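Residue-level listing of the chains:
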Amino acid sequence: MITLAHSLVTYHVSGLEPDSCPHCVSAMKAALAQLPDVVGVDVNQTAGKVSLLTEGMVEESFVVAAIEDSGCVVDRVPRWTT
C-alpha cells in the first residue's frame with residue numbers, strides 16, 4: 001500500500017492583481033513548482049493568493065523568495081498543516 005500525505009497552504013500576496021503581468025505570474029508558478037516537495041501550484045490573481053500542494057514541509061524562505069522574485073510581497077506566512 002502507498003500512502004501519501006499532502007498539505008495545502010495558501011499565502012496572501014500583495015502586488016498580485018488581476019492585471020498582473022502574465023509572464024511574471026507564469027515565472028512565479030514555474031519557480032514554485034520546482035521547489036522540492038511541491039506537487040501543485042495555484043495562483044489566484046483576483047484574490048491575491050498563492051496556494052501550494054506539497055508532499056511534505058517546504059523551506060519557507062524558498063517560497064517567499066520565489067514569490068518576491070516575481071515582484072510581489074508575502075503579506076502573511078501560513079502555518080503548515082497536514
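Residues numbered from 1 in each chain as written. Predicted model: local features only at pLDDT ≥ 70, side-chain atom pairs only at ≥ 80, totals over all residues. Heavy atoms only, no water.

### Observations regarding helix H1 (residues 22-33)
Right, on to step 1. The end-to-end C-alpha distance of H1, which contains 12 residues, comes to 16 Å, matching closely the 16 Å that a straight helix rising 1.5 Å per residue would cover.
Right, on to step 2. Residues Val25, Met28 and Leu32 constitute the buried set of H1. One side of H1 holds all its buried residues, which, seen down the axis, span an arc of 60°. Opposite the packed face of H1, turned more than 90 degrees from it, sit the exposed residues Pro22 and His23.
Right, on to step 3. Here the buried face of H1 lies against strand S2 (38-44), strand S3 (49-54) and helix H2 (60-69). (Helix = DSSP H or I, 4+ residues; strand = E, 2+ residues; numbered from the N terminus. Expected span 1.5 Å × (residues − 1). Buried < 20%, exposed > 50% of the residue type's maximum accessible area, 1.4 Å probe, protein only. Arc of directions from axis to C-beta. Contact = heavy atoms within 4.5 Å.)

### Some words on unusual backbone geometry
Right, on to step 1. The backbone of aspartate 37 sits at a positive phi, close to 75°, despite the residue not being glycine.
Right, on to step 2. Mapped onto the elements of the fold, aspartate 37 is located in the loop between H1 and S2.

### Re the state of the cysteines
Right, on to step 1. If you walk through the whole model with that rule in mind, you get zero disulfides.
Right, on to step 2. No disulfide involves cysteine 21; its sulfur sits 3.5 Å from the nearest other cysteine sulfur, which is in cysteine 24.
Right, on to step 3. Assessed through its relative accessible area of 36%, cysteine 21 is described here as partly exposed. (Disulfide = S-S within 2.5 Å.)

### Let's talk about the environment of aspartate 37
Right, on to step 1. Among the residues examined, aspartate 37 registers a relative accessible area of 38% and is labelled partly exposed.
Right, on to step 2. The contact partners of aspartate 37, leaving out residues within four places of it in the chain, are Leu53, Thr54, Glu55, Gly56, Met57 and Val58.

### Comments concerning the side chain of serine 20
Right, on to step 1. In this fold, serine 20 is placed in the loop between strand S1 (7-14) and H1.
Right, on to step 2. At 3.4 Å, the side chain of serine 20 forms a polar contact with the backbone oxygen of glycine 15.
Right, on to step 3. A polar side-chain atom of serine 20 sits 2.7 Å from the main-chain amide nitrogen of glutamate 17.
Right, on to step 4. Among all residues touching serine 20, those that are not within four sequence positions of it are Gly15, Val25 and Gln45. (Polar contact = N/O pair within 3.5 Å; in protein donor to acceptor, adjacent residues only side chain to side chain.)

### Thoughts on the pairing of S2
Right, on to step 1. Relative to S3, S2 runs antiparallel, the two being bridged by six bridges. Looking across to S3, one finds that aspartate 42 is bridged to serine 51.
Right, on to step 2. The antiparallel hairpin formed by S2 and S3 contains four residues in its connecting segment, where glycine 48 sits at a positive phi of about 70°. (Pairing = 2+ DSSP bridges.)

### Observations regarding the confidence of the model for the protein
Right, on to step 1. Residues with a pLDDT of 70 or more make up 87% of the protein, whose mean pLDDT is 87.
Right, on to step 2. Ranking the helices and strands of the protein by mean pLDDT puts S2 first, with 95, and strand S4 (residues 73-76) last, with 84. (pLDDT = per-residue confidence, 0-100.)

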